[in-house]
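Given next are the chains, with one letter for each unit.
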Amino acid sequence: MAIRVLLGFRIPDEELGRLFEVYQQFVENVFSLPVDLPFSGYRRGIRARETLQKGLEKAIQEKLQNTQGKDYADALDILIESGKEHGKELTMQELKDGTLELIFAAYATTASASTSLIMQLLKHPRVLEKLREELRSKGILHNGCICEGSLRLDNINGLQYLDCVIKEVLRLFTPISGGYRTVLQTFELDGFQIPKGWSVMYSIRDTHDTAPVFKDVDVFDPDRFGQGRSEDKEGRFHYLPFGGGVRTCLGKHLAKLFLKALAIELASTSRFELATRTFPKITLVPVVHPVDGLKVKFFGLDSNQNEILTGTDAMLGATV
């Protein structure tokens, strides 16, 4: 989605698969110690980035040469036009760097949140069933099938409990830990003076853990965002999974829509269960994710909510 929707690239599936493998190597080593030795994580990350940028350069050149038949502007188009508006046409290196940053921002965070969503639905079957009840009541799920034409943006945005589920996943399992800002004017915080020009880091995760508006912060409770409680409405900057201020995440609406569509698909067309005895340990770097992946078995369901049997006894397994 990041490649095709945000960047408008038309890369063949086979080539896209190879780039994805290289991209994973890049992500795994992006926070390595900067020790440039053979076989070091830093060296693997540098090589992966070089390979990625070669593939991205080819895709960018093809995109710049083929602009016909397109009726919308994607993120890369906007980036290119922004440079022209300010009298500075971006170089190919700048375009490659910007493209790689967009892919990292779009993929790593959404993949993290998607995995956290699946894990919480596995841990809380009552939440999953309540989600199914909402889909039925809104005419989206009927006789075990998604009703044709029902997945419109207005319908999805009207699913209040689904919105609460996504908000709670992002509260407890915010993909990234925080962000950086530059101090525009000197200010005082808890008796300490923070000078103009300093770089400061704010912690999203610690904010969610310590914000006084949230009750039982360690409990997965989507209803905290429901109309009766609305815990996130009791003040500014207590809930900020996408950051805050003028530099809040540009892709937050796309990310939430993706997560909602995934939740609807999971609740409507499949039964799924943990493929291991216990849930995996979670690490926070570079984004929140299970150490060895979350191993899940998925069962397709027919219109009567019966499992679809395949030609073999093997079930569809996946690591997310």
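- The name recorded for the protein chain in an unreviewed UniProt entry is Cytochrome P450 26B1, from Zonotrichia albicollis.

1. Regarding helix 10 (residues 252-269)
1) Next: The terminal C-alpha atoms of helix 10, which comprises 18 residues, lie 26 Å apart, in line with the 26 Å expected from a rise of 1.5 Å per residue.
2) Next: If you check which residues of helix 10 are buried, you get Ala 255, Leu 259, Lys 260, Ala 263, Ile 264, Leu 266, Ala 267 and Ser 268.

2. Observations concerning a negative patch on the surface
1) Next: A grouping of Asp 206, Asp 209, Asp 216 and Asp 218 is seen on the molecular surface, where their side chains present a negatively charged patch.
2) Next: Position of Asp 206 relative to the elements: it lies in helix 9 (residues 204-210).
3) Next: In this structure Asp 206 comes out as partly exposed when scored by relative accessible area, which is 47%.

3. So, unusual backbone geometry
1) Next: Put simply, Val 285 and Pro 286 share a cis peptide bond, and its omega is -5 degrees.
2) Next: Its place among the elements puts Pro 286 in the loop between strand 8 (282-283) and strand 9 (289-290).
3) Next: For Asp 190, which is not a glycine, the phi torsion comes out positive at approximately 55 degrees.
4) Next: By the secondary structure assignment, Asp 190 is in the loop between strand 4 (187-189) and strand 5 (192-194).

4. A look at the UniProt feature "binding site: heme" (unreviewed entry) in the protein chain
1) Next: Sequence positions flagged by UniProt for "binding site: heme" (unreviewed entry) are, in local numbering, Cys 249.
2) Next: Counting through the fold element by element, Cys 249 comes out in the loop between helix 9 and helix 10.

5. Concerning helix 3 (residues 41-65)
1) Next: With 25 residues, helix 3 should reach 36 Å at 1.5 Å per residue; the first-to-last C-alpha distance of 36 Å fits that figure.
2) Next: Along helix 3, the positions that sit buried rather than exposed are Gly 41, Gly 45, Ala 48, Leu 52, Gln 53, Gly 55, Leu 56, Ala 59, Ile 60 and Lys 63.
3) Next: Where helix 3 is buried, its residues contact helix 2 (13-28), helix 4 (75-85) and helix 5 (92-123).

The rules behind the values
Throughout this document, residue positions are counted from 1 along each chain, in the order its sequence is written. Given that this is a predicted model, residues contribute local features only at a pLDDT of at least 70 and side-chain atom pairs are listed and counted only at 80 or more, while totals for whole chains, interfaces and linings are drawn from all residues. Side-chain descriptors were evaluated using all non-hydrogen atoms of the structure, hydrogens and water having been removed beforehand. Counting from the N terminus, the helices are the DSSP runs of H or I reaching at least four residues and the strands are the DSSP runs of E reaching at least two. One less than the number of residues in a helix, times 1.5 Å, gives the span that helix is expected to have. Burial classes follow relative accessibility: with a 1.4 Å probe on protein chains only, a residue under 20% of its type's maximum area counts as buried, one over 50% as exposed, and anything between as partly exposed. Each patch is built from residues lacking any salt bridge and having more than 30% relative accessible area; the joining distance is 9 Å for like charges and 5 Å for nonpolar side chains (Val, Leu, Ile, Met, Phe, Trp, Tyr). Accessible surface area values rest on a Shrake-Rupley calculation with a 1.4 Å probe, where residue burial reflects the displayed protein chains alone. By salt bridge we mean one thing: a side-chain nitrogen of Lys or Arg within 4 Å of a carboxyl oxygen of Asp or Glu. Only four residue types enter the tally: Lys and Arg on the positive side, Asp and Glu on the negative side; His and the chain ends are excluded. For charged residues, the charge sits on one atom: NZ in Lys, CZ in Arg, CG in Asp, CD in Glu. UniProt positions are given in the numbering used here, feature names are shortened, and annotations may be inferred rather than shown by experiment. Throughout, a contact is declared for two residues whenever any of their heavy atoms are within 4.5 Å.

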